[in-house]
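# Structural characterization, general
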Amino acid sequence: MNTARRFLDKTMKVDWFFIILVLALMCCGVTLVYSATYNPEEVFYQSYWFRQIIYFIVGFFIAAALSFIRIDYLKRLAMPLYFLSLLGLIVVLFGGGDVIKGAGRWIDLGLFKIQPSEFAKLAYLLAFSYWLSRHPVSFFRLKSFFVPAVLFIIPFFLVLQQPDLSTALVFTAITLVGFYWAGLTLVDMFLLLSPLFSVLLSHSQFVFSQIFWGGLICLVALALFYRKLPKALTSFFFLINIFAGYASSMAWNMLKPHQQKRVETFLDPMNDPLGDGYQVLQSMTAIGSGGLTGKGFGEGSQTNLSFLPEEHTDFIFSVLGEQFGFLGALFVLTLFFLFLWRGLSICKIYEDPFVNLVTVCACSIFLFHILVNIAMTIGLMPVTGLPLPFLSYGGSFALTCAVLVGFLINMRYQGGRY
């Protein structure tokens, strides 16, 4: 009887609205993949849309299983899973992965391929959240940054060497959100990111770069004066920004040629309309041609005539805009907003630092993918290859989303018990 009551008590905490939102986004994803890749001559079980359904079904059971794992078990597994994920990244780095489109990111297991960097994000999320929940960070205690910095740097550079800059930036998003939630202020976050801003604003590719960089240096000085950090740290932040500004060309040269081309194309797609700028121009054409209500399901010249490259993965939002228009895109964006809002509402229920950190970091992964992918398709960011959660086709990423959903359900389901 006690067991039955305990189970019934737990089920009362299941957020069915959140689950309905996930299912709705999955249905949107399968619909868009179907419309983007439909081929009447193809056997249905070999099609992208059918395989996506299989991935979602597997992911559903994974998320359901994760919701029952005790949170104290997740804490114990955090560091072992982190080191196991590093092993997968090392295997890929030293030639154990398949090279696709110039990047070695996958391990072929025969029946299917896995992308270790996707699962490394999950392991890093747990390990990073576990450490920060026990050791808050502060600029006034610099030693508190050492371990989380090491936890971040190792997978970041292993993924960067694949090369996979977009996924490496996901690790950065997790880290920044985690640091803020663990105790840093917005001013601290600005100072932490200021060297990157110095590199970007001082680069000669941008008009009036030196003026913007000078303004940034003034803001850094004001922030340092406001925070009243130790003199050594104040000098460090000021000097590192000066150095970063003058070393922007060095940072530019550290990028791979294709990454440099993406930035140049982002600044002006018409510089290479038939090359690297082709994807962005076709994507903006597809979205713009959809108008208010779109051209209809399965319709659209950019998609059907294959003008739009990678329409079922990176540019699935372009398919949405072309076929369902502004209203269709607004509907999906509303689903994403409600999904993130419902996920973050967990932090209002529990005070456990680990629960809250896992929640906000998981939501930060979803938000980063959503913002970057959509900004990429409308020409506001360089083409990065980050998929859109639940909508883009892909086995590894679909399972990653399922695990993240499982974490969020778990945090709400039993966040106050352990």
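This section reports on the structure supplied with the text. (Residues numbered from 1 in each chain as written. Predicted model: local features only at pLDDT ≥ 70, side-chain atom pairs only at ≥ 80, totals over all residues. Heavy atoms only, no water.)

### Topic: the pattern of salt bridges
- All chains considered together, the criterion is met by eight salt bridges.
- In this structure, Arg-412 and Asp-15 form a salt bridge, with 3.4 Å as the shortest nitrogen-oxygen distance. With Arg-412 in helix H17 (residues 395–414) and Asp-15 in the loop between helix H1 (2–11) and helix H2 (16–37), this pair connects stretches of sequence that are 397 residues apart.
- Here Arg-227 makes a salt bridge to Asp-188, at a shortest N to O gap of 2.7 Å. One end of the pair, Arg-227, is in helix H9 (residues 209–227); the other, Asp-188, is in helix H8 (residues 186–201), and 39 residues separate them in sequence.
- Asp-188 sits in the buried class, given a relative accessible area of 2%.
- When salt bridges with common partners are traced through the structure, they connect Asp-15, Arg-342 and Arg-412 into a single cluster. (Salt bridge = Lys/Arg side-chain N within 4 Å of Asp/Glu carboxyl O. Helix = DSSP H or I, 4+ residues; strand = E, 2+ residues; numbered from the N terminus. Buried < 20%, exposed > 50% of the residue type's maximum accessible area, 1.4 Å probe, protein only.)

### A few points about helix H5 (residues 116–134)
- Along its 19 residues, H5 runs 27 Å from first to last C-alpha, staying within 8% of the 27 Å computed at 1.5 Å per residue.
- Of all 19 residues in H5, 15 are buried; the element is thus mostly enclosed. (Expected span 1.5 Å × (residues − 1).)

### Some words on the packing of helix H16 (residues 353–377) against H17
- Following both chains from N to C, one finds H16 and H17 inclined at 145°, their axes separated by 10 Å at the closest point. In this structure, H16 crosses over H17, and the sense of that crossing is left-handed. Contacts between H16 and H17 involve Val-355, Val-358, Thr-359, Ala-362, Cys-363, Ile-365, Phe-366 and His-369 from the former and Phe-397, Cys-401, Leu-404, Val-405, Phe-407, Leu-408 and Met-411 from the latter.
- Taken together, the residues that form the contact of H16 with H17 break down as 13 nonpolar, two polar and no charged. (Axes fitted to C-alpha atoms, helices over the stretch in contact; angles between N-to-C directions. Left-handed = near helix turned anticlockwise from the far one by under 90°. Contact = heavy atoms within 4.5 Å. Nonpolar A, V, L, I, M, F, W, Y, C, P; charged D, E, K, R; others polar.)

Any functional reading would require information that these geometric values do not contain.
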